[in-house]
Amino acid sequence: SAVISQKPSRDICQRGTSLTIQCQVDSQVTMMFWYRQQPGQSLTLIATANQGSEATYESGFVIDKFPISRPNLTFSTLTVSNMSPEDSSIYLCSAQQGTGNTIYFGEGSWLTVV
Amino acid sequence: EDQVTQSPEALRLQEGESSSLNCSYTVSGLRGLFWYRQDPGKGPEFLFTLYSAGEEKEKERLKATLTKKESFLHITAPKPEDSATYLCAVSGINKFYFGSGTKLNVKP
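What you are looking at is a predicted structure, and each value in this text was computed from that prediction instead of being measured.

Asks: Let's hear about the interface of chain B and chain A: which residues, and what values?
Replies: On the side of chain A, 18 residues touch chain B, which itself brings 18 residues to the contact. Roughly 1,400 Å² is buried in total at the junction of chain B and chain A, and carbon and sulfur atoms are behind 55% of that figure. It is Gly41(B), Phe96(B) and Phe98(B) that lose the most area in chain B upon contact with chain A, and together they represent 31% of the buried surface on that side. The tally of links from chain B across to chain A stands at two salt bridges. As a salt-bridge pair, Lys42(B) and Glu107(A) come within 3.7 Å of each other at their nearest N and O atoms. Across the contact surface, chain B and chain A share six residue pairs in polar contact (both at pLDDT 80 or more). Looking at the side of chain B that touches chain A, the elements with two or more residues in it are β4 (32–38), β5 (45–50), β9 (84–91) and β10 (96–98) of chain B. Among the elements that make up the side of chain B that touches chain A, the one with the highest residue count is β4(B) (three residues).

If you want it as C-alpha coordinates, here you go:
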(Lines give C-alpha, C1' and ligand atoms only; values in the text may rest on other atoms or scores of the structure.)
Protein backbone atom coordinates (compact mmCIF):
# COMPACT_ATOMS: atom_id res chain seq x y z
CA SER A 1 0.00 0.00 0.00
CA ALA A 2 1.08 3.56 -0.64
CA VAL A 3 2.49 5.60 2.23
CA ILE A 4 1.44 9.22 1.95
CA SER A 5 3.08 12.04 3.88
CA GLN A 6 1.51 15.45 4.26
CA LYS A 7 2.80 18.63 5.73
CA PRO A 8 1.99 20.66 7.62
CA SER A 9 -0.02 18.34 9.82
CA ARG A 10 -1.62 21.26 11.57
CA ASP A 11 -1.56 25.04 11.31
CA ILE A 12 -3.34 28.10 12.54
CA CYS A 13 -3.68 30.70 9.80
CA GLN A 14 -4.68 34.32 9.69
CA ARG A 15 -7.71 35.35 7.67
CA GLY A 16 -6.74 36.52 4.18
CA THR A 17 -3.50 34.56 3.97
CA SER A 18 -2.70 31.52 1.84
CA LEU A 19 -1.19 28.19 2.82
CA THR A 20 0.32 25.45 0.71
CA ILE A 21 0.01 21.82 1.74
CA GLN A 22 2.52 19.33 0.42
CA CYS A 23 1.85 15.68 -0.30
CA GLN A 24 4.53 13.08 -0.96
CA VAL A 25 3.83 9.45 -1.92
CA ASP A 26 6.46 6.78 -1.40
CA SER A 27 5.90 5.27 -4.85
CA GLN A 28 4.68 6.37 -8.25
CA VAL A 29 0.91 6.52 -8.51
CA THR A 30 -1.37 7.32 -11.41
CA MET A 31 -4.10 9.18 -9.58
CA MET A 32 -3.83 11.70 -6.76
CA PHE A 33 -6.74 13.51 -5.16
CA TRP A 34 -7.38 16.26 -2.65
CA TYR A 35 -10.30 16.04 -0.24
CA ARG A 36 -11.71 18.35 2.39
CA GLN A 37 -13.36 17.15 5.57
CA GLN A 38 -15.12 19.76 7.65
CA PRO A 39 -15.74 19.07 11.34
CA GLY A 40 -18.20 16.23 11.82
CA GLN A 41 -18.68 15.79 8.07
CA SER A 42 -17.70 13.18 5.54
CA LEU A 43 -15.12 13.66 2.82
CA THR A 44 -15.68 16.03 -0.08
CA LEU A 45 -13.55 15.75 -3.20
CA ILE A 46 -11.92 19.05 -4.14
CA ALA A 47 -10.05 17.97 -7.25
CA THR A 48 -8.07 15.33 -9.05
CA ALA A 49 -4.41 16.32 -9.38
CA ASN A 50 -3.25 15.52 -12.90
CA GLN A 51 0.42 15.01 -13.57
CA GLY A 52 1.73 17.61 -15.97
CA SER A 53 -1.59 19.33 -16.57
CA GLU A 54 -4.27 21.37 -14.82
CA ALA A 55 -6.21 19.72 -12.03
CA THR A 56 -9.80 18.65 -12.54
CA TYR A 57 -12.03 20.44 -10.03
CA GLU A 58 -15.34 19.30 -8.60
CA SER A 59 -18.41 21.47 -8.61
CA GLY A 60 -18.09 24.23 -6.04
CA PHE A 61 -14.28 24.35 -6.09
CA VAL A 62 -12.26 26.66 -8.32
CA ILE A 63 -8.63 26.94 -9.28
CA ASP A 64 -8.25 30.50 -8.01
CA LYS A 65 -9.19 29.40 -4.51
CA PHE A 66 -7.51 25.98 -4.51
CA PRO A 67 -4.59 25.94 -6.95
CA ILE A 68 -3.05 22.51 -7.27
CA SER A 69 0.24 21.38 -8.70
CA ARG A 70 1.46 17.90 -9.59
CA PRO A 71 4.89 18.06 -11.14
CA ASN A 72 5.53 14.30 -11.06
CA LEU A 73 3.99 10.94 -10.15
CA THR A 74 4.83 11.13 -6.44
CA PHE A 75 4.24 14.74 -5.36
CA SER A 76 1.42 17.26 -5.27
CA THR A 77 0.57 20.51 -3.54
CA LEU A 78 -2.70 22.17 -2.65
CA THR A 79 -2.86 25.86 -1.84
CA VAL A 80 -5.77 27.29 0.08
CA SER A 81 -5.89 30.94 -0.98
CA ASN A 82 -7.26 34.02 0.76
CA MET A 83 -8.45 31.95 3.69
CA SER A 84 -11.55 32.66 5.73
CA PRO A 85 -12.84 30.87 8.84
CA GLU A 86 -15.08 28.75 6.58
CA ASP A 87 -11.92 27.14 5.20
CA SER A 88 -11.12 25.65 8.60
CA SER A 89 -11.03 21.96 7.86
CA ILE A 90 -8.92 18.86 7.48
CA TYR A 91 -7.40 18.67 4.01
CA LEU A 92 -6.53 15.17 2.87
CA CYS A 93 -4.24 14.02 0.12
CA SER A 94 -4.99 10.63 -1.36
CA ALA A 95 -3.56 8.37 -4.01
CA GLN A 96 -4.90 5.46 -5.99
CA GLN A 97 -2.57 2.55 -6.39
CA GLY A 98 -2.58 -0.88 -7.85
CA THR A 99 -5.05 -2.79 -9.94
CA GLY A 100 -7.42 -2.98 -7.01
CA ASN A 101 -8.59 0.60 -7.35
CA THR A 102 -8.04 1.28 -3.65
CA ILE A 103 -7.28 4.82 -2.58
CA TYR A 104 -5.03 5.57 0.39
CA PHE A 105 -4.94 8.70 2.47
CA GLY A 106 -2.35 10.83 4.12
CA GLU A 107 -2.62 11.81 7.76
CA GLY A 108 -4.32 15.06 6.84
CA SER A 109 -3.55 18.72 7.35
CA TRP A 110 -5.73 20.35 9.96
CA LEU A 111 -6.12 24.05 9.22
CA THR A 112 -7.74 26.53 11.57
CA VAL A 113 -8.36 30.03 10.20
CA VAL A 114 -8.69 32.81 12.75
CA GLU B 1 -28.69 9.25 -7.92
CA ASP B 2 -25.45 7.59 -6.87
CA GLN B 3 -25.07 7.60 -3.13
CA VAL B 4 -23.74 5.73 -0.13
CA THR B 5 -25.65 5.58 3.15
CA GLN B 6 -24.22 4.36 6.43
CA SER B 7 -26.12 3.36 9.53
CA PRO B 8 -26.28 3.89 12.37
CA GLU B 9 -24.70 7.34 12.60
CA ALA B 10 -23.39 6.50 16.05
CA LEU B 11 -23.09 3.28 18.00
CA ARG B 12 -22.22 2.74 21.63
CA LEU B 13 -21.11 -0.73 22.67
CA GLN B 14 -19.83 -2.29 25.82
CA GLU B 15 -16.48 -3.99 25.54
CA GLY B 16 -17.11 -7.50 24.21
CA GLU B 17 -20.55 -6.67 22.78
CA SER B 18 -20.51 -7.66 19.10
CA SER B 19 -22.42 -5.69 16.49
CA SER B 20 -22.57 -4.72 12.81
CA LEU B 21 -22.32 -1.49 10.85
CA ASN B 22 -24.22 -1.11 7.60
CA CYS B 23 -23.31 0.52 4.31
CA SER B 24 -25.93 0.58 1.57
CA TYR B 25 -25.25 1.97 -1.87
CA THR B 26 -26.92 2.92 -5.13
CA VAL B 27 -23.89 3.37 -7.35
CA SER B 28 -23.89 2.21 -10.94
CA GLY B 29 -20.90 0.39 -12.31
CA LEU B 30 -19.55 -0.78 -8.96
CA ARG B 31 -15.80 -1.21 -9.13
CA GLY B 32 -15.19 -1.82 -5.45
CA LEU B 33 -16.42 -1.13 -1.93
CA PHE B 34 -13.98 0.10 0.68
CA TRP B 35 -13.96 0.34 4.45
CA TYR B 36 -11.79 2.81 6.34
CA ARG B 37 -11.20 3.59 9.99
CA GLN B 38 -10.72 7.22 10.95
CA ASP B 39 -9.49 8.49 14.30
CA PRO B 40 -10.22 12.11 15.30
CA GLY B 41 -8.06 14.63 13.44
CA LYS B 42 -6.42 11.91 11.31
CA GLY B 43 -6.73 10.67 7.76
CA PRO B 44 -8.75 7.53 6.99
CA GLU B 45 -6.87 4.28 7.42
CA PHE B 46 -7.62 1.64 4.81
CA LEU B 47 -9.17 -1.59 6.13
CA PHE B 48 -10.76 -3.64 3.34
CA THR B 49 -11.69 -3.72 -0.33
CA LEU B 50 -14.57 -5.89 -1.54
CA TYR B 51 -15.34 -6.41 -5.22
CA SER B 52 -18.21 -8.83 -5.63
CA ALA B 53 -21.30 -10.08 -3.82
CA GLY B 54 -20.51 -12.88 -1.42
CA GLU B 55 -16.97 -11.73 -0.80
CA GLU B 56 -15.72 -11.52 2.80
CA LYS B 57 -12.55 -10.09 4.32
CA GLU B 58 -11.31 -10.34 7.91
CA LYS B 59 -8.79 -8.50 10.02
CA GLU B 60 -8.51 -9.13 13.74
CA ARG B 61 -11.95 -8.39 15.24
CA LEU B 62 -13.35 -6.97 12.00
CA LYS B 63 -15.09 -8.79 9.18
CA ALA B 64 -16.51 -7.13 6.09
CA THR B 65 -19.12 -8.71 3.85
CA LEU B 66 -20.73 -7.59 0.59
CA THR B 67 -24.08 -8.20 -1.07
CA LYS B 68 -25.43 -6.64 -4.24
CA LYS B 69 -26.71 -3.53 -2.50
CA GLU B 70 -24.98 -3.32 0.87
CA SER B 71 -22.00 -4.19 2.97
CA PHE B 72 -21.67 -4.99 6.64
CA LEU B 73 -18.73 -4.46 8.93
CA HIS B 74 -19.04 -6.94 11.76
CA ILE B 75 -17.14 -6.21 14.95
CA THR B 76 -16.65 -9.20 17.20
CA ALA B 77 -15.92 -8.68 20.90
CA PRO B 78 -14.83 -5.06 20.42
CA LYS B 79 -12.28 -3.35 22.64
CA PRO B 80 -12.07 0.34 23.58
CA GLU B 81 -9.27 0.79 21.04
CA ASP B 82 -11.77 -0.03 18.29
CA SER B 83 -13.49 3.28 19.01
CA ALA B 84 -13.30 5.38 15.83
CA THR B 85 -15.39 6.50 12.89
CA TYR B 86 -15.78 3.83 10.24
CA LEU B 87 -16.20 5.10 6.69
CA CYS B 88 -17.57 3.23 3.72
CA ALA B 89 -16.75 4.25 0.16
CA VAL B 90 -17.88 2.93 -3.20
CA SER B 91 -16.00 3.26 -6.44
CA GLY B 92 -18.26 3.87 -9.40
CA ILE B 93 -17.39 4.39 -13.04
CA ASN B 94 -15.90 7.83 -12.61
CA LYS B 95 -15.51 8.60 -8.95
CA PHE B 96 -15.58 7.53 -5.34
CA TYR B 97 -18.63 8.06 -3.18
CA PHE B 98 -18.19 8.29 0.58
CA GLY B 99 -20.74 7.63 3.25
CA SER B 100 -21.03 9.91 6.26
CA GLY B 101 -19.56 7.31 8.60
CA THR B 102 -20.54 5.47 11.76
CA LYS B 103 -18.99 6.76 14.95
CA LEU B 104 -18.28 3.78 17.19
CA ASN B 105 -17.67 4.18 20.91
CA VAL B 106 -16.68 1.08 22.86
CA LYS B 107 -16.85 1.48 26.61
CA PRO B 108 -14.71 -0.63 28.94
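Next comes the rest of the account.
Asks: So what about the pattern of salt bridges? Which residues, and what values?
Replies: As enumerated under the stated definition, the model contains seven salt bridges over all chains in all. As a salt-bridge pair, Glu58(A) and Lys95(B) come within 3.4 Å of each other at their nearest N and O atoms. Pair noted here: Glu58(A) is in the loop between β6 (56–57) and β7 (68–69) and Lys95(B) is in the loop between β9 and β10, and the two residues belong to different chains. For Glu56(B), the salt bridge goes to Lys63(B), with nearest N and O atoms at 3.4 Å.

Asks: Could you give an account of the state of the cysteines, naming the residues involved and the relevant values?
Replies: Applying the stated criterion across every chain, the model contains two disulfides over all chains. Here Cys23(A) pairs with Cys93(A) through a disulfide, and the sulfurs are 1.9 Å apart. Torsion about the S-S bond of the Cys23(A) and Cys93(A) cystine: about -70°, corresponding to left-handed handedness. With Cys23(A) in strand β3 (residues 19–25) and Cys93(A) in strand β9 (residues 89–96), the pair connects residues that are 70 residues apart, well separated along the chain. Like Cys93(A), Cys23(A) is buried. The disulfide that involves Cys23(B) links it to Cys88(B), with 1.9 Å between the sulfurs. A torsion of -60° about the S-S bond marks the disulfide between Cys23(B) and Cys88(B) as left-handed. Of this pair, Cys23(B) sits in strand β3 (residues 19–26) while Cys88(B) sits in strand β9, placing them 65 residues apart in sequence. Like Cys88(B), Cys23(B) is buried. Unpaired in terms of disulfides, Cys13(A) finds its nearest cysteine sulfur in Cys23(A), a separation of 18 Å.

Asks: How would you summarise the environment of Leu73(B) if you had to cite specific residues and measurements?
Replies: Residue and element names in this part refer to chain B. If you trace the backbone, Leu73 turns up in strand β8 (residues 70–75). Distance from Leu73 to Thr102, taken between C-alpha atoms, is 10 Å for residues 29 residues apart in sequence. Setting aside residues up to four positions removed in sequence, Leu73 forms contacts with Ser19, Ser20, Leu21, Trp35, Phe48, Leu62, Lys63, Ala64 and Tyr86.

Asks: Pulling in residues and values, what's your account of the packing of aromatic side chains?
Replies: For the structure on display, the rule yields ten aromatic pairs over all chains. Ring centres of Phe61(A) and Phe66(A) lie 5.6 Å apart, and the angle between their planes is 65°; on these two criteria the pair is classed as edge-to-face. Overall, the relative accessible area of 9% leaves Phe61(A) in the buried class. On the numbers, 5.4 Å between centres and 70° between planes, the contact of Tyr104(A) with Phe46(B) is edge-to-face. Remark: Phe46(B) occurs in strand β5 and Tyr104(A) occurs in strand β10 (residues 103–105); the pair is interchain, linking two chains.

Asks: Describe the side chain of Thr79(A), with residues and values.
Replies: Residues and elements named next belong to chain A. By secondary structure assignment, the location of Thr79 is in strand β8 (residues 75–80). Judged by relative accessible area, which is 15%, Thr79 ranks as buried. At 2.7 Å, the side chain of Thr79 forms a polar contact with the side chain of Thr20.

What counts, and where the lines are drawn
- Within every chain, residues take consecutive numbers counted from 1 along the sequence as written.
- Written order decides the labels, with chains lettered from A and ligands numbered from 1.
- Confidence filtering applies because this is a predicted model: local features only for residues at pLDDT of at least 70, side-chain atom pairs given and counted only at 80 or more, and all residues used for totals across whole chains, interfaces and linings.
- Computation of side-chain values: all heavy atoms of the structure, hydrogens and water removed.
- Two residues qualify as a contact provided that any one of their heavy atoms is within 4.5 Å of a heavy atom in the partner residue.
- Accessible area that two parts lose when put together, with a 1.4 Å probe and added across both, is what the buried area reports.
- In what follows, salt bridge is the name for a side-chain nitrogen of Lys or Arg lying within 4 Å of a carboxyl oxygen of Asp or Glu.
- Polar contacts, as counted here, are pairs of nitrogen or oxygen atoms within 3.5 Å of one another; within protein the pair requires one atom able to donate a hydrogen and one able to accept it, and residues that are adjacent in sequence qualify only if both atoms are side-chain atoms.
- Secondary structure elements are taken from DSSP: a helix is a run of H or I of four residues or more, a strand is a run of E of two residues or more, and numbering for both begins at the N terminus.
- Note on disulfides: each one is a pair of cysteine sulfur atoms within 2.5 Å.
- Exposed residues in this analysis have more than 50% of their type's maximum accessible area, buried residues have under 20%, and partly exposed residues fall in between, with area computed by a 1.4 Å probe over protein chains only.
- Only the six-membered ring of Trp is used, alongside the rings of Phe and Tyr, when aromatic pairs are assigned; centres must lie within 6.5 Å, and planes under 30 degrees apart are stacked while those over 60 apart are edge-to-face, with the rest tilted.

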